[in-house]
Amino acid sequence: MKTRYIVTYDISSDERRTSVFKLLRGHGEHLQFSVFQCDLTERARVTLAARMHALIDLDEDQILLINLGPTEGRAASCIEALGRRYMPPERTVIVI
């Protein structure tokens, strides 16, 4: 079962921030500057957290993983937007 997470980060170094961005881009949808939506199994969450942990300075940087619940349950409708309407990322398949 997958769980939806909002992953947000505040990283002071451009190099470390870029590394975390590239890692997250492979695991979720980029929603805003430092915000991703990731649908992860527990194993994938643990692996991703360990990889991000290795990339950051633990004294200067911060990454938050916010658990929204199962992707098939509450998580599908629990984001509220003020201002511009929130549009869930569209998943598309590209056949090459």
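Look above for the structure.
What comes next is a walk through the structure. Everything numeric here is computed off the predicted structure, so don't read it as measured data.

### A few points about the overall build of the protein
If you tally the helices and strands in the protein, you get two helices and four strands. Going from the N terminus to the C terminus, the protein shows its helices and strands as β-α-β-β-α-β. Expressed as a percentage of the 96 residues in the protein, the buried residues total 29%. Pairs at least 24 residues apart make up 73% of the contacts formed inside the protein by residues separated by at least 6 positions. Taken as a whole, the protein presents about 7,100 Å² of accessible surface, with 51% of it coming from carbon and sulfur.

### A few points about the packing of helix H1 (residues 14-25) against helix H2 (residues 42-55)
In the contact formed by H1 and H2, the axes pass within 9 Å of each other and the chain directions differ by 165°. Classified by the angle their axes make, H1 and H2 are roughly antiparallel. For H1 against H2, the interelement crossing comes out right-handed. Residues Arg16, Ser19, Val20, Leu23 and Leu24 of H1 lie in contact with H2, whose contacting residues are Leu48, Arg51, Met52 and Leu55. For the contact of H1 with H2, the residue count by class is six nonpolar, one polar and two charged.

### Observations concerning H1
With twelve residues, H1 extends 16 Å from end C-alpha to end C-alpha; this agrees with the ideal 16 Å at 1.5 Å per step. Listing the buried residues of H1 in full gives Arg16, Val20, Leu23 and Leu24. Down the axis of H1, the smallest arc covering the buried residues is 95°, so these residues share one side. Of the exposed residues in H1, those oriented more than 90 degrees away from the buried face are Asp14, Glu15, Lys22 and Arg25. Where H1 starts, the residue carrying a side-chain oxygen 3.3 Å from the main-chain nitrogen of Glu15 turns out to be Ser13.

### Considerations on the sheet that holds strand S1 (residues 3-10)
Ordered in space as S2-S3-S1-S4, the four strands form an open sheet in which the pairing is antiparallel. With partners counted over all chains shown, the strands left at the sheet margins are strand S2 (29-32) and strand S4 (62-70), one partner each. If you compare each strand with its neighbour and ignore which way they point, the axes differ by 25° on average. Relative to S4, S1 runs antiparallel, the two being bridged by eight bridges. Residue pairing in the sheet places Arg4 in a bridge with Gly69 of S4. Packing against the sheet, H1 makes contact with S1, S2, strand S3 (35-40) and S4, and its axis sits at approximately 165° to S1. Against the sheet, H2 makes contact with S1, S3 and S4, and its axis sits at roughly 140° relative to S3, the strand it touches most.

What counts and what doesn't
- Residues numbered from 1 in each chain as written.
- Predicted model: local features only at pLDDT ≥ 70, side-chain atom pairs only at ≥ 80, totals over all residues.
- Heavy atoms only, no water.
- Helix = DSSP H or I, 4+ residues; strand = E, 2+ residues; numbered from the N terminus.
- Buried < 20%, exposed > 50% of the residue type's maximum accessible area, 1.4 Å probe, protein only.
- Contact = heavy atoms within 4.5 Å.
- Areas by Shrake-Rupley, 256 points an atom, 1.4 Å probe, with all protein chains shown as cover.
- Axes fitted to C-alpha atoms, helices over the stretch in contact; angles between N-to-C directions.
- Parallel < 35°, antiparallel > 145°, perpendicular 65-115°, else oblique.
- Left-handed = near helix turned anticlockwise from the far one by under 90°.
- Nonpolar A, V, L, I, M, F, W, Y, C, P; charged D, E, K, R; others polar.
- Expected span 1.5 Å × (residues − 1).
- Arc of directions from axis to C-beta.
- Polar contact = N/O pair within 3.5 Å; in protein donor to acceptor, adjacent residues only side chain to side chain.
- Pairing = 2+ DSSP bridges.

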